[in-house]
Amino acid sequence: MMMKINNSVLFLYLVMIAYSMVGCAGNNICINLNEKKIISKEGDIVRFHIKDDNAIYFFHLKGRIRHQKTVDLENIDLNNDLVDKYPESEKSIFLLKPNRNYIFTNTTVYDAAPASLNFYIDSLGNFHSLDNRVCE
């Protein structure tokens, strides 16, 4: 007994197979030390957090901004709102300070693993990668 397949069902199967082969974007990032920017390797950066020795700062893309492939670490508040800070305080802005280690984590794509990179800012304001994830 041979089963007849409807054209629309066949089309749906082909679309599902094609989608599964393409997959979705990820959270991979790198740092441009000269421009002092985090750059997405796979898509936009919408949600991220930055951890220093004292707290974790959560950011989300501002509503008026549609797409962002880079985060300017010298001017984070330009395109991003500081959504939350743990431990909580009344501070509503975020400035990177010298002589500190930071961990930047991109959490934009929920179904992909978060991507983190470590960097250090020296006393002169120069950025240094601590895990060799420098953009070329």
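Residues numbered from 1 in each chain as written. Predicted model: local features only at pLDDT ≥ 70, side-chain atom pairs only at ≥ 80, totals over all residues. Heavy atoms only, no water.

(A) Structural detail: the overall build of the protein. Tallying secondary structure elements over the protein gives one helix and nine strands in all. Across the 136 residues that make up the protein, the buried fraction comes to 35%. (Helix = DSSP H or I, 4+ residues; strand = E, 2+ residues; numbered from the N terminus. Buried < 20%, exposed > 50% of the residue type's maximum accessible area, 1.4 Å probe, protein only.)

(B) The packing of aromatic side chains, seen in detail. Scanning all chains against the criterion turns up four aromatic pairs. Plain terms: the ring middles of F48 and F59 are 4.9 Å apart, the flat faces sit at 15 degrees to each other, and that makes the pair stacked. Highlighted residues: F48 in strand β3 (residues 47-51) and F59 in strand β4 (residues 56-61), separated in sequence by eleven residues. Classification of F48 by relative accessible area gives buried; the value is 1%. In textbook terms, an aromatic cluster arises when at least three aromatic residues are bridged by ring pairs, as seen for F48, F59 and F104. (Phe/Tyr/Trp six-rings, centres within 6.5 Å; stacked < 30°, edge-to-face > 60°.)

(C) Region of interest: unusual backbone geometry. Its identity is not glycine, yet N99 carries a phi of approximately 60 degrees, on the positive side. Mapped onto the elements of the fold, N99 is located in the loop between β6 (80-86) and β7 (100-106). The exposure class assigned to N99 is partly exposed, which follows from its relative accessible area of 48%. Although it is not a glycine, N132 sits at a positive phi angle of roughly 55 degrees. Here N132 shows up in the segment after β9 (127-129). The class of N132 is exposed, set by a relative accessible area of 72%.

(D) The sheet that holds strand β2 (residues 37-40), seen in detail. Strand order in the open sheet made by the three strands is β1-β2-β5, with antiparallel pairing throughout. Of all the strands in the sheet, just β1 (29-32) and β5 (70-72) have a single pairing partner and so form its edges. Neighbour-to-neighbour, the strand axes of this sheet turn through a mean angle of 20 degrees, independent of strand direction. Inspection of the sheet shows β2 paired to β5 by three bridges, in the antiparallel sense. For K37, the partnering residue across the bridge sits in β5 and is D72. (Pairing = 2+ DSSP bridges. Axes fitted to C-alpha atoms, helices over the stretch in contact; angles between N-to-C directions.)

(E) Highlighting the nonpolar core. Among the nonpolar cores identified, the biggest contains 22 residues, and I38, L73, I76, L96, F104 and F119 are the most heavily contacted of them. When residues of this core are traced back to their parent elements, those giving at least two are β1, β3, β4, β7 and β8 (115-121). Top contributing element to this core by residue count: β8, with four residues. The contacts of L96, once residues within four sequence positions are left out, are L73, I76, Y102, F119, I121 and F127. (Core = buried A, V, L, I, M, F, W, Y, C linked by side-chain atoms within 4.5 Å. Contact = heavy atoms within 4.5 Å.)

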